[in-house]
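The primary structure of each chain is shown beneath.
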Amino acid sequence: YAETLTGFKWIMHRSAEAAAETGARFVFGYEEALGYCAGTLVRDKDGISAAYLLAELAATLKARGETLAGRLDAIARAHGLYLSGQHTETLPGADGAAAIAARMAHLRGLSVNQLDGRRVVGRADYARGTVVREGVESTTGLPPSDVLRFDLDDGARVMVRPSGTEPKIKYYFDQRGEAAEGETLDAARDRTAARLRGLMAAFLAL
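A quick note: this is a predicted structure, and the numbers were derived from the prediction, not measured.

With that out of the way, let us pick up the side chain of Asp174. Inspection of the secondary structure assignment puts Asp174 in strand S10 (residues 168-177). Here Ser84 takes part through its side chain, which lies 2.6 Å from a polar atom of the side chain of Asp174. Once residues lying within four places of it in the same chain are set aside, the contact partners of Asp174 are Leu83, Ser84, Gly155, Ala156, Arg157, Leu196 and Leu199.

Bringing the nonpolar core into the picture now. Judged by nonpolar contacts, the single largest core of 19 residues is most densely connected at Leu115, Val158, Val160, Phe173, Leu199 and Phe203. Broken down by secondary-structure element, the contributors of at least two residues to this core are helix H4 (93-109), strand S8 (148-152), strand S9 (157-162), S10 and helix H5 (185-204). Considering each element in turn, this core owes the most residues, four residues, to H5. Aside from chain neighbours lying at most four places away, what touches Phe173 is Leu83, Ser84, Gly85, His87, Arg157, Val158, Leu196, Leu199, Met200, Phe203 and Leu204.

On a regular strand, each side chain points to the face opposite its neighbour's, so the side chains alternate between the two faces of the sheet. Of the strand pairs in this sheet, strand S6 (residues 130-133) and strand S7 (residues 136-139) are connected by four bridges, and their pairing is antiparallel. In the sheet register, Arg133 faces S7, and the bridge partner there is Val136. Hairpin connection, S6 to S7: the antiparallel pair is bridged by two residues, and Glu134 has positive phi, about 50°.

The volume enclosed by the second largest pocket comes to roughly 380 Å³. Phe28, Ala50, Leu53, Leu54 and Leu57 are, among the 13 residues lining the second largest pocket, the residues nearest its centre. Put simply, the parts of the chain that give the lining of the second largest pocket at least two residues each are strand S2 (35-38), helix H2 (47-63) and helix H3 (68-79). Here the element with the most residues in the lining of the second largest pocket is H2; it accounts for six residues.

We describe a pair of aromatic rings using the distance from one ring centre to the other and the angle between the two ring planes. In the structure shown here, the tally under the stated rule is five aromatic pairs. Judged by centre distance (5.9 Å) and plane angle (25°), the ring pair of Phe28 and Tyr36 falls under stacked. With a centroid separation of 6.2 Å and 70° between ring planes, the pair formed by Tyr171 and Phe203 is classed as edge-to-face. With a gap of 32 residues between them, Tyr171 in strand S10 and Phe203 in helix H5 connect regions that are remote in the sequence. Each member of the pair Tyr171 and Phe203 is classed as buried.

Glancing now at the side chain of Glu31. The topology assignment puts Glu31 in strand S1 (residues 28-31). Side-chain polar atoms of Glu31 contact the side chain of Lys45, separated by 3.2 Å.

Before going further, it helps to examine H3. Over its twelve residues, H3 extends 16 Å from the first C-alpha to the last, a length consistent with the 16 Å expected when each residue adds 1.5 Å. The positive-phi residue at the C-terminal boundary of H3 is Gly80, with phi of around 100°.

Summed over the entire model, instances satisfying the criterion amount to 19 salt bridges. Here Arg118 and Asp154 are joined by a salt bridge, their closest N and O atoms 2.9 Å apart. Residue Arg118 is found in strand S5 (residues 118-125), and its partner Asp154 is found in the loop between S8 and S9; the two are separated by 36 residues along the sequence. Residue Arg191 pairs with Glu183 through a salt bridge whose shortest N-O separation is 2.7 Å.

About the criteria used
- Note on numbering: residues in each chain are counted from 1, in written sequence order.
- Reporting in this predicted model follows two pLDDT cut-offs: at least 70 for local features of residues, and 80 or more for side-chain atom pairs to be given and counted; totals over whole chains, interfaces and linings ignore these cut-offs and use all residues.
- In computing side-chain properties, one takes all heavy atoms of the structure into account and sets aside hydrogens as well as water.
- Put simply, DSSP H or I for four residues or longer makes a helix, DSSP E for two residues or longer makes a strand, and each gets a number counted from the N terminus.
- The term polar contact refers here to a pair of N or O atoms within 3.5 Å; inside protein, the definition further demands a hydrogen-donor-capable atom paired with an acceptor-capable atom, and it admits residues adjacent in sequence only when both atoms are side-chain atoms.
- Whether two residues are in contact is decided by their heavy atoms: any pair within 4.5 Å suffices.
- Remark: nonpolar core denotes a set of buried residues (Ala, Val, Leu, Ile, Met, Phe, Trp, Tyr, Cys) joined through side-chain atoms within 4.5 Å.
- Buried, partly exposed and exposed residues are distinguished by accessible area as a fraction of the type maximum, computed with a 1.4 Å probe on protein chains only: under 20%, between the cut-offs, and over 50%, respectively.
- In this description, strands pair whenever DSSP reports at least two bridges between them.
- Using a grid of 1 Å spacing that covers the protein atoms alone, one calls a set of points a cavity when a 1.4 Å probe fits there but cannot get out, and a pocket when the set is open and has protein on both sides within 12 Å along at least five of seven lines; lining residues are those with an atom within 4 Å of a point.
- Grid points are joined across faces, edges and corners, and a volume is the space filled by probe spheres set on the points.
- Centre distance within 6.5 Å is the pairing criterion for rings of Phe, Tyr and Trp, where only the six-membered ring of Trp is used; planes under 30 degrees apart are then read as stacked, over 60 as edge-to-face, and the remainder as tilted.
- Working rule for helices: expected span equals 1.5 Å times residues minus one.
- We define a salt bridge as a contact between a side-chain nitrogen of Lys or Arg and a carboxyl oxygen of Asp or Glu at a distance within 4 Å.

So this is what it looks like as structure tokens:
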């Protein structure tokens, strides 16, 4: 597994590096905006090959008496379930650009130790290339990019960045949850969704 900046040029570049360094075979790459690349035939975001693989998976599961939804539920039981949310602010013009820059500077300057009653255990500033986790500083190993990331002790994550193409600042929220023994996945999802809403409200109030 390797993490890159957003965009398939970065994903493909990293896959080529890994192949040259270790002989690693590229299997699958994706980005938050629902782009997928599978295998090396098309080294870019490609919905056709992704749709083919999904159809193949559906057929394989059907032959076993399973479904795609059932397989997702099994993965959630085994590895935890994840819910995501977004918040976008559109701020056009020169004043908007200044407001976005000021917002990023404000968040960079904050010392955030907890959000919604949960401890912030990691923080990354991709513009500076720094990661601090549990007091230990390291580097992102990635090219500079105006992105901030906050990791919480329950597996939740917040990322903030200005859009590269529009006058917007974007907030991404990811919340991890687990189904307790005997708990339905629907109940676990409802509980996780409530934690996600709490996280979003707490961060946007900073």
